[in-house]
Amino acid sequence: DIHLEFLRAGADIVETNTFNATSYGLADYGLESAVRDVNLAAAAVARRAADRATAEDGKSRWVAGAIGPTNKTASLSPNVNDAGFRAVTFQDLVAAYREQAQALLDGGVDLLLPETSFDTLNLKAALFAIAELYDQGARKVPVIASVTITDRSGRTLSGQTLEAFVASVEHAELFALSINCALGADDIAPYVQELATLTGRYTACYHNA
């Protein structure tokens, strides 16, 4: 019903309710083994709503498979007494993102959306996992990568400027680069404008309510 309300209000794309549906996110609830089931179910719910809305008015709708940043960071230590400590490795993240992305693709999403990236190394792991899936024959859909600028400093939580972020992911095969979360429309606008000057790709934005 929530998906349908957005679609009937004019949205062309709805996200799956899978922001936290990696093995790391679901571990908080003892549901690491349910990653595939959760992502398949969420994709099916969004797919049904999108197809129903299209049937009602003939307008094409799309489902974006939401891939959140996880509750881990590959660039920063969670231990203030040990700056070199990491709670997760790059390959661990790749495996987690790969599991989620495969399930979303199998569930019928039209694009993949690794989003709210506060640590670009995490995002690079997600993009690497998706590229691996495509290289191995998975159904290929467009990818939109979305970063979050956490405050008016213009940097990500892990300290990158927007320009550094773009340089870090520009190698990937992306349909668009995006900014989302954290800031409202007025505060985020200058960064969207900056992003548009930093990349030749499509740019996107979905700001905090």
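Residues numbered from 1 in each chain as written. Predicted model: local features only at pLDDT ≥ 70, side-chain atom pairs only at ≥ 80, totals over all residues. Heavy atoms only, no water.

K.L.:
Please set out the overall build of the protein chain residue by residue, giving values where relevant.
P.N.:
Regarding its fold elements, the protein chain presents 7 helices and 6 strands. Sequence-ordered secondary structure for the protein chain, helices as α and strands as β, is α-β-α-α-β-α-β-α-β-α-β-α-β. Expected size for 209 residues packed as a compact globule is a radius of gyration near 17 Å; at 17 Å, the protein chain falls within 12% of this value. Taking the principal axes of the C-alpha coordinates as reference, the protein chain spans close to 55 × 40 × 30 Å. Put simply, the protein chain has 209 residues, and 44% of those count as buried. Restricting the contact set of the protein chain to residue pairs at least 6 apart, pairs at least 24 apart contribute 75%. A total accessible area of about 10200 Å² is found for the protein chain, and carbon and sulfur atoms account for 53% of it. (Helix = DSSP H or I, 4+ residues; strand = E, 2+ residues; numbered from the N terminus. Rg over C-alpha atoms; globule rule 2.2 N^0.38 Å. Buried < 20%, exposed > 50% of the residue type's maximum accessible area, 1.4 Å probe, protein only. Contact = heavy atoms within 4.5 Å. Areas by Shrake-Rupley, 256 points an atom, 1.4 Å probe, with all protein chains shown as cover.)

K.L.:
So what's going on with empty space enclosed by the protein? Residues and values would help.
P.N.:
Rolled over the atoms, a probe with the dimensions of a water molecule shows which regions are left empty. All told, the structure shown has 1 cavity of 30 Å³ or more when counted by the stated rule. Surrounding the largest cavity, I67, G68, P69, Y97, P114, E115, S117, N122, L123 and A126 form its lining. Broken down by element, the residue count for the lining of the largest cavity peaks at 3 residues, all from helix α5 (residues 120-135). Counted by class, the lining of the largest cavity contains 6 nonpolar, 3 polar and 1 charged residues. (1 Å grid on protein atoms, 1.4 Å probe; cavity = no way out; pocket = protein on both sides within 12 Å on 5 of 7 lines; lining within 4 Å. Points joined across faces, edges and corners; volume = space filled by probe spheres on them. Nonpolar A, V, L, I, M, F, W, Y, C, P; charged D, E, K, R; others polar.)

K.L.:
Lay out the packing of helix α3 (residues 35-57) against helix α4 (residues 90-106) with the relevant residues and their values.
P.N.:
At a closest axis distance of 8 Å, the pairing of α3 and α4 adopts a crossing angle of 35°. In the packing of α3 onto α4, the handedness of the crossing is right-handed. Each of V35, R36, N39, L40 and A43 in α3 lies in contact with α4, whose residues at this interface are E99, Q100, Q102, A103, L104 and D106. Across the contact of α3 with α4, the residue classes break down as 5 nonpolar, 3 polar and 3 charged. (Axes fitted to C-alpha atoms, helices over the stretch in contact; angles between N-to-C directions. Left-handed = near helix turned anticlockwise from the far one by under 90°.)

K.L.:
I'd like to hear about the sheet that holds strand β5 (residues 176-180), residue by residue, with values.
P.N.:
Sheet strands pair via backbone hydrogen bonds, and the direction of the pair is either parallel or antiparallel. If you walk across this open sheet you meet the 3 strands as β4-β5-β6, and the pairing is parallel. Edge positions in the sheet fall to β4 (144-147) and β6 (202-206), since each has one partner strand and no second. Within the sheet, the average angular offset between the axes of one strand and its neighbour, ignoring direction, is 25°. Summarising the sheet, β5 and β6 pair through 5 bridges and their orientation is parallel. (Pairing = 2+ DSSP bridges.)

K.L.:
With reference to specific residues and values, describe the packing of aromatic side chains.
P.N.:
Both the distance between ring centres and the angle between the ring planes are used here to describe each pair of aromatic rings. Tallied over the entire structure, the rule returns 2 aromatic pairs. Both rings, one in F90 and one in F128, keep their centres 6.0 Å apart while their planes meet at 65°; by these two values the pair is edge-to-face. One end of the pair, F90, is in helix α4; the other, F128, is in helix α5, with 38 residues separating them in the sequence. The class of F90 is partly exposed, set by a relative accessible area of 28%. Taking relative accessible area as the criterion, F128 reaches 38% and is therefore assigned partly exposed. (Phe/Tyr/Trp six-rings, centres within 6.5 Å; stacked < 30°, edge-to-face > 60°.)

Bear in mind that shape data such as this cannot, by itself, settle questions of function.
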